[in-house]
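Observations on the model geometry
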Amino acid sequence: MTIEIMLLLFGGGLIAGVINAVGGGSTFMTFPIFLFAGLPPTVANASNFVAVMPGNLMATVAYRATFKEIGRVCIPYLISCTAGGLIGSLLLLLTNEIVFRAIIPPLMGFATITYALGPAVQRWLDRKNIGLFDKDSPLALLLLFVFSVYGGYFGAGYGVVLLAVLTVMGHSSYHEANAIKNLVITVVTILGIGLFTFSAKISWPEALTMMSGAVIGGYFGVKFALNIPQPIIRVGIIVLGCSLTFLYTLRYWS
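Now for a description of the structure that goes with this document. (Residues numbered from 1 in each chain as written. Predicted model: local features only at pLDDT ≥ 70, side-chain atom pairs only at ≥ 80, totals over all residues. Heavy atoms only, no water.)

1. Quick look at the packing of helix 7 (residues 138-153) against helix 8 (residues 158-168)
At a closest axis distance of 10 Å, the pairing of helix 7 and helix 8 adopts a crossing angle of 175 degrees. The orientation of helix 7 relative to helix 8 falls into the category roughly antiparallel. Residues Ala140, Leu143, Leu144, Phe147, Ser148, Tyr150 and Gly151 of helix 7 lie in contact with helix 8, whose contacting residues are Tyr158, Val161, Leu162 and Val165. Residues that form the contact of helix 7 with helix 8 fall into these classes: 9 nonpolar, 2 polar and no charged. (Axes fitted to C-alpha atoms, helices over the stretch in contact; angles between N-to-C directions. Helix = DSSP H or I, 4+ residues; strand = E, 2+ residues; numbered from the N terminus. Parallel < 35°, antiparallel > 145°, perpendicular 65-115°, else oblique. Contact = heavy atoms within 4.5 Å. Nonpolar A, V, L, I, M, F, W, Y, C, P; charged D, E, K, R; others polar.)

2. Quick notes on helix 3 (residues 41-62)
Over its 22 residues, helix 3 extends 33 Å from the first C-alpha to the last, a length consistent with the 32 Å expected when each residue adds 1.5 Å. The sharpest bend along helix 3 reaches about 35 degrees and sits at valine 52, with the proline proline 54 one to four residues further on. With 16 of 22 residues buried, helix 3 is to be regarded as a mostly interior element. (Expected span 1.5 Å × (residues − 1). Bend = angle between axes of the 7 residues up to and from the residue. Buried < 20%, exposed > 50% of the residue type's maximum accessible area, 1.4 Å probe, protein only.)

3. Let's talk about the pattern of salt bridges
This model, assessed by the stated rule, comprises 1 salt bridge. Residue lysine 201 pairs with glutamate 97 through a salt bridge whose shortest N-O separation is 3.8 Å. One end of the pair, lysine 201, is in the loop between helix 9 (174-198) and helix 10 (204-220); the other, glutamate 97, is in helix 6 (residues 97-126), with 104 residues separating them in the sequence. Grouping residues by exposure puts lysine 201 and glutamate 97 together as buried. (Salt bridge = Lys/Arg side-chain N within 4 Å of Asp/Glu carboxyl O.)

Set out below in structure tokens:
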């Protein structure tokens, strides 16, 4: 790893930490940086799990008081999401580089659309009262399972999907839904890291370099991030996601 790549990874991690402090979406930037650093797509994706994990872990710790109020409601969610995340991570291990390159454009496109429509979907779902999606209902747990397969496989946009599902399940408080989301993502991510480590899919020097930048950016960037209007960050991430989807389509489908 050259000094230029090291600085790129660390700087990307710093910015990613600030983005997560504002509202999330850093994986739209961190995954392409790993690709630019020369990692194979599946290795870049697995290494990205390491880079983004501390942000969700720290957020989970910060919500510890909320978990005292929620109680055991998280247990069935964790079981469903852990099972889905495990299957998703195993699917990634079974996917060869050629196939993964081919599905990067639709995965990035899906993540971008999910991120763009996420808030509107959450508001719409919040106005609905659909009994089939009540807490602990089989359909709600199935939705968590299905989207966790995606989260364990690729991850980008996973948090937005979880927030939407948790909202329609009756977790109308943003902080309650966000606390559960961070807990679930932390568990799924750690599980994925364990599998990817065992299968030698993580490039640790690059992953740890970006992770160190993300930790510093997340810790010191909160005050800075609060001065940036969140809509501007969201628009920037959406534009980046659309641009990357287009570029990856030209690169891997042409």
